[in-house]
Amino acid sequence: MAGLIKNLRVTKTGPGSRSLEEAQQRATDFFREACRALPSIMERYNLYEVITLSDLRSKIASEFRKHHHNTNPKVIDMLVFKGREELQYCIDHSKQRHHLLTQYIVGREGLTGDVLKLGEAFKGESDFLKNFYRGNN
């Protein structure tokens, strides 16, 4: 796992993709890298109490599907670069836990939309809270 994190230390720009197929392959490779980094990110930010690994993978996949319609290799390369930058911020712990919760777990619309959506991500209480509540009765 440390090797993966070490390999992601430098965000590479490199030459742009020459074709749509090459850009799509770079996006697929980045998606795989992001999915491999998710377990360490979930542990680092203590996200297991709010979301499962498979649900977080699905959220990341939906972000990729949102931009699937792009056919310009330069746009795809730019999105991959920004995604790598975002992943690097998460790995370097440059973001705080609430940033990840609002961006990827609750969703951007959860804060401005229905207030109940905000509570849906926090349905499950941790064992600590259950014991705490039980001890105060």
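Residues numbered from 1 in each chain as written. Predicted model: local features only at pLDDT ≥ 70, side-chain atom pairs only at ≥ 80, totals over all residues. Heavy atoms only, no water.

The protein has the name NADH dehydrogenase [ubiquinone] 1 alpha subcomplex subunit 6 in an unreviewed UniProt entry, where Physcomitrium patens is given as its organism. UniProt, in its Subcellular location (unreviewed entry) section for the protein, records the words "Mitochondrion inner membrane". (UniProt positions renumbered as here; feature names shortened; annotations may be inferred.)

Participant: Honestly, the nonpolar core in this entry has me stumped. Any pointers?
Facilitator: For soluble globular proteins, the rule of thumb is that nonpolar side chains tend to be buried together. Grouped together as the largest cluster of nonpolar side chains are 23 residues, with contacts concentrated most on Ile41, Tyr45, Leu47, Ile51, Leu56, Leu87 and Leu100. For this core, the secondary structure elements donating two or more residues are helix H2 (20-44), helix H3 (53-66), helix H4 (73-91) and helix H5 (97-105). No other element matches the eight residues that H2 contributes to this core. Not counting chain neighbours up to four residues away, the residues in contact with Leu56 comprise Leu38, Met42, Leu47, Ile51 and Tyr104. (Core = buried A, V, L, I, M, F, W, Y, C linked by side-chain atoms within 4.5 Å. Buried < 20%, exposed > 50% of the residue type's maximum accessible area, 1.4 Å probe, protein only. Helix = DSSP H or I, 4+ residues; strand = E, 2+ residues; numbered from the N terminus. Contact = heavy atoms within 4.5 Å.)

Participant: For this particular structure, what's the right way to read the confidence of the model for the protein?
Facilitator: Do not read the fine detail of predicted coordinates wherever pLDDT is low. Within the protein, residue pLDDT values average 79, and 74% of them lie at 70 or more. Taken together, the stretch residues 110-119 has pLDDT below 50 and engages in seven contacts with residues farther than four places along the chain or on a different chain. (pLDDT = per-residue confidence, 0-100.)

Participant: Even after reading the chapter, I still don't get the packing of H2 against H4, so can you show me in this structure?
Facilitator: Between two packed helices, the angle of one axis relative to the other and the distance separating the axes together describe the packing. Relative orientation of the contacting elements H2 and H4 amounts to 15 degrees, with a least axis distance of 10 Å. When the interaxial angle is binned, H2 and H4 end up roughly parallel. Regarding H2 and H4, the two cross each other, and that crossing is left-handed. The segment H2 lies against H4, with Leu20, Ala23, Gln24, Arg26, Ala27, Phe30, Glu33, Ala34, Ala37, Ile41 and Arg44 engaging Pro73, Ile76, Asp77, Val80, Gly83, Arg84, Leu87, Cys90 and Ile91. Each residue belonging to the contact of H2 with H4 can be placed in one class, and the counts come to 13 nonpolar, two polar and five charged. (Axes fitted to C-alpha atoms, helices over the stretch in contact; angles between N-to-C directions. Parallel < 35°, antiparallel > 145°, perpendicular 65-115°, else oblique. Left-handed = near helix turned anticlockwise from the far one by under 90°. Nonpolar A, V, L, I, M, F, W, Y, C, P; charged D, E, K, R; others polar.)

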